[in-house]
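# Geometric and topological summary
Single-letter residue listing:
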Amino acid sequence: MITEIAPAAGPAVSEPARPGKKRRAWDEAPRWQIYLPLGIYLLFTLVPFYWILLFALRPAGSTSLVPWPVTFDHFQKVWTERSFGTYFTNSVYVGVSTLVLTTVVALAGGYALARFDFRLKRGFMLALLCSQFVPGALLLVPLFQIFAELRMINSLGSVVVAETVFQLPLSMILISGFIRNVPYSLEEAAWVDGCNRLTAFRIVVLPLLRPGLVAVGSFAFVHAWNHFLFALMFLSDQSKQTIPVGLNTLISADSVDLGALAAGGIVAAVPVVIVFAFIQKWLITGFSAGAVKG
């Protein structure tokens with residue numbers, strides 16, 4: 001029996017802060033106590049990135065600590081000789097497809113969890129939470145058998161499905177928490193105006209879910225972009241491999257091409273950095289809003 005959850009009473013309005021309220025001691029901390037830990041953190045974060053950039057831009061055999069003269073031979077090598085152009089295209093396909101599938105399915109499931117009450121709902125939510133403790137390696141054997149029966153082995157679709165299944169539990173929990181923050185009265189007002197449930201959701205609720213959708217979609221994209229295990233196990237053809245597996249091919253038992261490996265790492269990292277630079281505001285808002293209620 002599925003019943004619709006009635007709107008909860010609004011929270012009590014808190015008393016506004018008094019203009020003359022005394023500030024606490026820790027509200028007036030010296031600036032060096034803030035900037036010093038941040039500077040140390042940035043040092044430990046940016047030095048490895050500089051080291052990778054150094055190996056990628058300086059000539060082979062050079063030991064200089066400054067990338068001069070600058071060379072792009074390593075990037076040309078990994079892009080053409082090591083087939084990183086193909087790996088990059090496959091990773092984009094897997095990442096974007098996982099983003100779309102995860103967002104659409106999590107949106108439908110999150111709305112059901114937020115707006116309806118049904119039997120075993122608490123058990124279902126508990127199962128979603130417990131699934132986050134299952135490592136991806138345990139799913140390899142059953143997923144491989146399923147994809148083998150469906151003739152999906154050595155297909156990018158198998159990786160997309162596996163990544164989507166792996167991302168759905170957390171995505172549904174985040175989306176449901178974000179939908180609970182949307183006032184139920186907005187949907188009721190749309191119903192009074194003649195909209196059905198789907199139209200009211202599309203016109204009223206969906207625009208308010210933009211930060212949550214960005215958070216869920218970006219999380220799914222980055223995980224699918226960086227995940228190594230599924231692509232390694234389900235894809236045997238080199239022309240269908242993704243960037244993480246391509247980076248692994250640069251490491252052999254006898255030697256490691258550090259310049260090519262550093263250039264490949266930058267090729268893999270730059271798209272993710274660019275995406276996060278544009279969506280960081282929506283990402284922080286979405287994750288914080290989705291974690292308030294649930």
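Every chain's residues receive numbers from 1 upward, in the order its sequence appears when written. Local features in this predicted model are restricted to residues of pLDDT 70 or higher, and side-chain atom pairs are both shown and tallied only at a pLDDT of 80 or more, whereas totals for entire chains, interfaces and linings draw on every residue. In computing side-chain properties, one takes all heavy atoms of the structure into account and sets aside hydrogens as well as water.

On to the overall build of the protein chain. For the purposes of this entry, the term helix denotes a DSSP run of H or I that reaches at least four residues, the term strand denotes a run of E that reaches at least two, and both are numbered from the N terminus. Within the protein chain, the regular secondary structure consists of 12 helices and 2 strands. The order of α-helices and β-strands along the protein chain, N terminus first, is β-α-α-α-β-α-α-α-α-α-α-α-α-α. Here's how the labels work: a residue is buried when its accessible area is under 20% of the maximum for its type, exposed when over 50%, partly exposed in between, all with a 1.4 Å probe on protein chains only. Residues classed as buried in the protein chain amount to 35% of the 294 residues present. Summed over all atoms, the accessible surface of the protein chain reaches about 18,200 Å², with 69% contributed by carbon and sulfur. Note on areas: Shrake-Rupley, 1.4 Å probe, and residue coverage restricted to the protein chains presented here.

The span you would expect from a helix comes to 1.5 Å times its residue count less one. Its 26 residues place the ends of helix α1 (residues 32–57) 35 Å apart at the C-alpha level, agreeing with the 38 Å of an ideal helix rising 1.5 Å per residue. Axes are fitted to the seven residues ending at a residue and to the seven starting at it; the angle between these axes is taken as the bend at that residue. If you look at α1, its biggest bend is around 25 degrees, right at L46, and the proline P48 turns up within four residues after that.

Salt bridge criterion: a side-chain nitrogen from Lys or Arg within 4 Å of a carboxyl oxygen from Asp or Glu. Throughout the structure, instances matching the rule amount to 1 salt bridge. Residues R115 and E187 are paired through a salt bridge, measuring 2.7 Å at the closest nitrogen-oxygen approach. With R115 in helix α3 (residues 84–115) and E187 in helix α7 (residues 184–192), the pair connects residues that are 72 residues apart, well separated along the chain. Residue classification places E187 among the buried positions, given a relative accessible area of 0%.

With 12 residues, helix α8 (residues 197–208) ought to run about 16 Å at 1.5 Å a step, and its terminal C-alpha atoms sit 16 Å apart, in line with that. If you check which residues of α8 are buried, you get A200, F201 and V205. Axial view of α8: buried residues confined to an arc of 95 degrees, hence all on one face. If you follow the buried residues of α8, they end up packed against α3 and α7. This arc corresponds to the set of directions leading from the helix axis out to the C-beta atoms. Note on definitions: a residue-residue contact is assigned when non-hydrogen atoms from the two residues lie within 4.5 Å.

Below, the discussion takes up the packing of α8 against helix α9 (residues 210–226). Axis lines are fitted to C-alpha atoms, over the contacting stretch for helices. Their N-to-C directions set the angle, which ranges from 0 to 180 degrees. Remark: α8 packs on α9, axes separated minimally by 5 Å, with the N-to-C direction vectors making an angle of 65 degrees. In this structure, α8 uses L206, P207 and L208 to contact α9, whose residues at the interface are R210, P211 and L213. Each residue is assigned to one of three groups, with Ala, Val, Leu, Ile, Met, Phe, Trp, Tyr, Cys and Pro labelled nonpolar, Asp, Glu, Lys and Arg labelled charged, and all others, Gly among them, labelled polar. Considering only residue class, the contact of α8 with α9 consists of 5 nonpolar, no polar and 1 charged.

On to the packing of helix α4 (residues 121–131) against helix α6 (residues 156–180), then. Running from amino to carboxyl end, α4 crosses α6 at an angle of 130 degrees, the nearest separation of the two axes being 8 Å. Taken together, the axes of α4 and α6 are oblique relative to one another. Read as a crossing pair, α4 and α6 show a hand that is left-handed. Residue-level inspection shows K121, F124, L128, L129 and S131 of α4 in contact with α6, the latter providing P169, M172, I173 and R180. For the contact of α4 with α6, a count of residues per class yields 6 nonpolar, 1 polar and 2 charged. Relative orientations are named as follows: roughly parallel for angles under 35 degrees, roughly antiparallel for angles over 145 degrees, roughly perpendicular for angles from 65 to 115 degrees, and oblique for any other angle. In this scheme, a crossing is called left-handed if the near helix is turned counterclockwise away from the far one by less than a right angle; it is called right-handed if the turn is clockwise.

The next point concerns the confidence of the model for the protein chain. The predictor's confidence in any single residue is recorded as pLDDT, a number from 0 to 100. The pLDDT averaged across the protein chain works out to 80; a share of 85% of its residues lies at or above 70. Per-residue pLDDT, averaged within each element of the protein chain, yields its smallest value for strand β1 (residues 3–4) (60) and its largest for α3 (90). Contacts of residues 290–294 to residues separated by more than four positions or lying in other chains number 8 contacts, the stretch itself having pLDDT below 50.

This brings us to the side chain of S218. Looking at the secondary structure, you find S218 in helix α9. The term polar contact refers here to a pair of N or O atoms within 3.5 Å; inside protein, the definition further demands a hydrogen-donor-capable atom paired with an acceptor-capable atom, and it admits residues adjacent in sequence only when both atoms are side-chain atoms. Separated by 3.0 Å, the side chain of S218 and the backbone oxygen of A215 make a polar contact.

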